Structure formats: structure tokens, C-alpha cells
Amino acid sequence: MILRHDTEPMPAPAALRPSPIAWLIAPALLLFVLFFVLPFSVMAVMSVYSGNPVTNPNAFLTTRHYMRFIVDDADIFHDALWATLKIGFITTVISLLIGYPLAHWMARMQSRLGHVLVLMAVIAPLLTGIVVRTFAWMTILQDKGVINTTLMSWGLISKPLPLMYNEFGTVVALVHIYVPFMVLTLTGVIGRIDERLEQAARSLGAGRIRAFVEVTLPLSLPGVLAGSLLVFALSISAYVTPSLMGGNDVLTLPMLIAQQVGTSFNPNFAGALGMILLVVCLIIVIAYNKILTRLTGEKGLA
Amino acid sequence: MSTTPARLSPNRVPFDAGRAAYIGLNLVLLAFLLLPIAIVLVFAFNPMPYISFPPVGISLRWFDKFFSSSDFMNALWLSLWVAGCVLVLAVLIGGACALALARGNLPGRSFLTAFFMSPLMLPAILTGLALFQSYLLVGIGRPVWGLIMAHTLVAVPYVLRTTLAVLHNFDRRIEEAAAVLGASPTRVFFEVTLPLIRPGVFAGGVFAFIVSFDQFPVSLFLVVPKGETLPVVLFNYMKFDLDGAIAAASMVSILLAIAVVLVLERLIGLKAYVKL
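What you are looking at is a predicted structure, and each value in this text was computed from that prediction instead of being measured.

(A) Main features of the interface of chain B and chain A. The partner chain A presents 82 residues to the 76 residues of chain B that form the contact. Of all the secondary-structure elements, those providing two or more residues to the side of chain B that touches chain A are α1 (17-45), α3 (70-103), α5 (124-138), α6 (144-169), α9 (230-238), α10 (244-267) and α11 (270-275) of chain B. Per element, the largest residue contribution to the side of chain B that touches chain A is 13 residues, and it comes from α1 of chain B. The class makeup of the residues in the side of chain B that touches chain A is 59 nonpolar, 13 polar and 4 charged.

Rendered as C-alpha cells:
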């Protein structure tokens, strides 16, 4: 990574008058106010109205959408929230177990070519659409998929294993989709840890595993936390994968939101559900940013 | 485990079981990342509607089915059209925004940068929902330009990221030298800054295109029946049928992704992209 910031002279405070170039920010500001800030405000407003406040003069302020979620007579919403968090948590843990070795390998790789190749292998899936990657797992895990047909043709099983249309299939595909985010976050953090610390431990007699467990692993823990928060936030807001891989077994918050818009046509209640998901994600994202800022701000490790 | 501490003798390393296990594990994990995508490729050329190993032959029937279906083709053209518009808009808006952030001496720069990156941080399905509700409130329905603006919103951060990466990496003294030698600020901008950031802006444009082309969550609530983008059509098709036509369609997306990775590596280097 480039660490040239130290040699770059900081602009003197006296020179901090906006230059004419600053006006170039105007189109982006306009776009973001009209299509980002206002819409999210509209969502917040819709969530506390009984109907569309513009077209329906009888629409009134109400907390009933939130109450409906909180009271939850049929236990649907609490179950959905719980399922969402559970799937997010399992996905995060498995992504960490898969992502850490890969990130460590990449961060410590000497060969430049090898590094680029592994990086490409990690980024390529990231650039393939979510629908396509979910489809890939459906061809592998379905009853007539690659795994079941192969095992059956070898005579190892007589009827297909239930690999899809359940939580298992959902988690497998989600892990595959979000593991690159874990790898990229962790590689940056592990690459910043001075390798000589580990070498010092080794030369003082620690075995390779001990040097890793007592030196590198503790120093990388903030990165582990940051990567986990990111993957968690992404997987609890996933829609495509749970709805295709989950079958009737899985109902998550984003699926519930889509139901409210599509089949129940209750955009106000959808707005309330959206606000709940938004708040959860915001808390996670702010924590993620705090951790990463503290990490990169610490010049001692760089 | 090796018993000797690491020495500075990289040549003639004896066989090391621990190291071999470490590399073996990582190769397995890499295979986990890449194999599913390879299987889509096998499926696309597989003559049967279901995969069996070993494959029984090669056929182009799924490509034929995909390219001769008017539903798929309408969706493909709509997606390409939307992605093209998004590319142009995101490059212009995002590139200008990056310049303003890096060279405009704006107060609150880090806050503004975080603000413009935030569509990547919030659940995309909520961005789609919020825009859907706003269009509903204003009563404009679900026009294609509304979809394009929604995609542009989530594509701008990518252009911003790649352009800022290039702006941070290049030596500001080149601009200062031009100014010292008598070039006006406008001339410095057009003859020094702009050519230097071009690779970053191009890379961002490539990203913007693919983000829009593969976009699902933002599109979900913003498309109308008979006017759906390719990922939405594929999604709806996959709920009922899983034949190779989807695999053929997926190939288009995968080829685009591979092209993007290669273009990015050439333009700005993947490392610069990952850094920000």
C-alpha cells in the first residue's frame, strides 16, 4: 500500500478557501439530495402515516405500523427478525473461517504475480451479479444438482440430500457471495501488521502456530471485527439469495418488506419494516467505520 | 513443524508439511470461490436440462433459447440501455465530484466523502424501497429515467472511489510545476489533471456499467411488468425453472465481470482499487 502521505506537505490552513473547482460537487449534491436524502426521509414519513399523505386526505399520523411489528400477534415478524439475524450471524462466522486464511495468505505472499492472481480470484466473484451467483449454487445444491446426481450415480445415497430450499442452502450461497468482502477487509489489516514482529517471536523460540496465535492473531482482531460487521450488515439485507434458496423454510426481513410492497401493497408498513432494518444496519456500519478509522489512523502499525 | 527459526535462505527450502497444509487449505478455499462460476459455464454448454458428471456433450441450445426469446432479449436491451446511461451519468457526476473533493479545498471533506460513499453502506433494497415510495408519493409512477437515476446513485460511489484513488496517488507537484511554469489554473486542469485521472475515471465507468447491469435490489421495486431488467427477469424465471437458458444469460454477466477485472488491473491496478 502506498504510504506517501507522510512526505506530502499538508496544505497550510490559510490556503483553505474553496477554489472554483469546488463547484464541481454541485451535480453530485443535487443527485444525492433528490434521490437519496429526500427518498429516505419520505420512507421515514410514510412509516408513521396511515396512507399516502399526498393523495389521501384522510391519512393520519400513527404509530400503528411499528406497534404491529412490536405486538406481532401471529409471531411472524419476530420470527422473521430472528431468522434474519441468525442467518446473518452464521454467515458471518463461516465467512470469517474461510476468509481469514485467504486474507493471511494474500497479505503475506511474496510473489507479486501470485498476489494479483489471488486478488483477481477474490474480486471476480464479487463482480458477477448476485442473481448469477445464486443460480450457480442452485445448480449445485438442488435435488437434481451436481452434488446429488454425482452422489447418486456413485450409489452413495439413494435419494437426494435436502441441500436447498432451507437455511443450509441459503447460508452456503450467502457465504460465497460475501466472503470476498471479508477477505478484502482482512487483507488490508493483516498487511499492515509488521511481519518482523512474528519473525521476532519465531527467533525467540516460538513455533509457527504459537507466533501466529500470540502475535498476528491478536493484532488482527480489530480487522476481524470490522470484516464481520460488514458481512453481517450485508447478509441481513440480502433478498435474492434467501428468497431463491430458502424455499418456504426461510422468511427474512427483506423478504417481508418485498411481500408488503408486492403482494400486500402496504407501502406504509413496508416503510416501517424498512426503518427497522435501516436502524440495525446503520448501527453496524457506524461501528465498522469507527473501527477502520481507528486502525488506519494508528500510524504505529503502518 | 520446522524446528529451526526462519533464516534468510529462501533457496533450497526442505519440504515443510505445515506450509504445504497451509497452501493446500487456501487452494481449497479458492476453489470454493471459483468452482461455482465454472459450473455455470459447464451448464451453459450442457445439452441436458440438468447437469450430470461427466458432461455428456456440448450444445448451444441454451444460448439459442436465450437469444431467441423476446422476453430475455427485451430485458437484455433494457439492461444495456440503462447501464449505458448510468455509465455516462455516473462518470460525469462522480468524476466531477471526486475533483471537487480532492482539489476544491472544501470544508468538511471527509464528511462529504463518507456521505457520497454511503449508498454502498446502506442496504440496496432500502434504497429501492425509499425511491419507490417517493415516486409513489409524487405520483410519477415508475419511469425508466427513475430507474436510471436510482442506478446512478449507487454507481457514483464506485467512480468516486477509483477516481479518488488515482488523485491520491499522483504527485501533486506535477500540477504545481505546470503552474510555476506559467500555466493558468484552467490550463493546468485540462492539460495536466484531467489526462492524469483519466484511467481512474474510466475504471469507475466500467464499474458503474457492471453495477447497473447486474443490479437487482435497487431495481426490484422500480421496474414495471413487461419493462424489467435482465436480473429481475432471470430472478422471476428462476423461481419456476432452472434450465440452461439462465446459465447462458449468466455467461454474459460472467464475461463482463472477467473483462472488468482485466480492464481494472490494466487501468489502475487492482491494488489501488482495494486500497480505498
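Additional details are given in the paragraphs that follow.
(B) Representation of the nonpolar core within the structure. C97, V156 and A208 of chain B are the most contacted members of the largest nonpolar core, which totals 170 residues. Inspection of this core shows a minimum of three residues originating in each of domain 1 (16-59) and domain 2 (65-275) of chain B. Excluding its chain neighbours within four sequence positions, the residues that come into contact with V156 of chain B are A28 and L31 of chain A together with A90, I93, G94, C97 and F116 of chain B.

(C) Local environment of the environment of F72 of chain B. Residue and element names in this part refer to chain B. Note that F72 resides in helix α3. Owing to 20 C-beta atoms within 10 Å, F72 belongs among the buried residues under this scheme. Look past the residues within four positions of F72 in its chain and what remains in contact with it is F66, V233 and A249.

(D) Structural context of the domain arrangement of chain B. For chain B, the domain assignment lists domain 1 (16-59) and domain 2 (65-275). Counted by class, the side of domain 1 of chain B that touches domain 2 of chain B contains 6 nonpolar, 1 polar and no charged residues.

(E) Region of interest: the packing of helix α7 (residues 172-180) of chain B against helix α8 (residues 185-213) of chain B. Residue and element names in this part refer to chain B. Following both chains from N to C, one finds α7 and α8 inclined at 145 degrees, their axes separated by 10 Å at the closest point. The hand of the α7/α8 crossing is right-handed. The segment α7 lies against α8, with I174, E175, A178 and A179 engaging V188, V192 and T193. Among the residues making up the contact of α7 with α8, the classes are represented as 5 nonpolar, 1 polar and 1 charged.

Each value, and the rule that gives it
- Residues numbered from 1 in each chain as written.
- Chains lettered and ligands numbered in written order.
- Predicted model: local features only at pLDDT ≥ 70, side-chain atom pairs only at ≥ 80, totals over all residues.
- Contact = placed C-beta atoms within 7 Å.
- Helix = DSSP H or I, 4+ residues; strand = E, 2+ residues; numbered from the N terminus.
- Nonpolar A, V, L, I, M, F, W, Y, C, P; charged D, E, K, R; others polar.
- Core = buried A, V, L, I, M, F, W, Y, C linked by C-beta atoms within 7 Å.
- Buried ≥ 20, exposed ≤ 12 C-beta atoms within 10 Å, placed from the backbone.
- Domains from an automatic or database assignment.
- Axes fitted to C-alpha atoms, helices over the stretch in contact; angles between N-to-C directions.
- Left-handed = near helix turned anticlockwise from the far one by under 90°.

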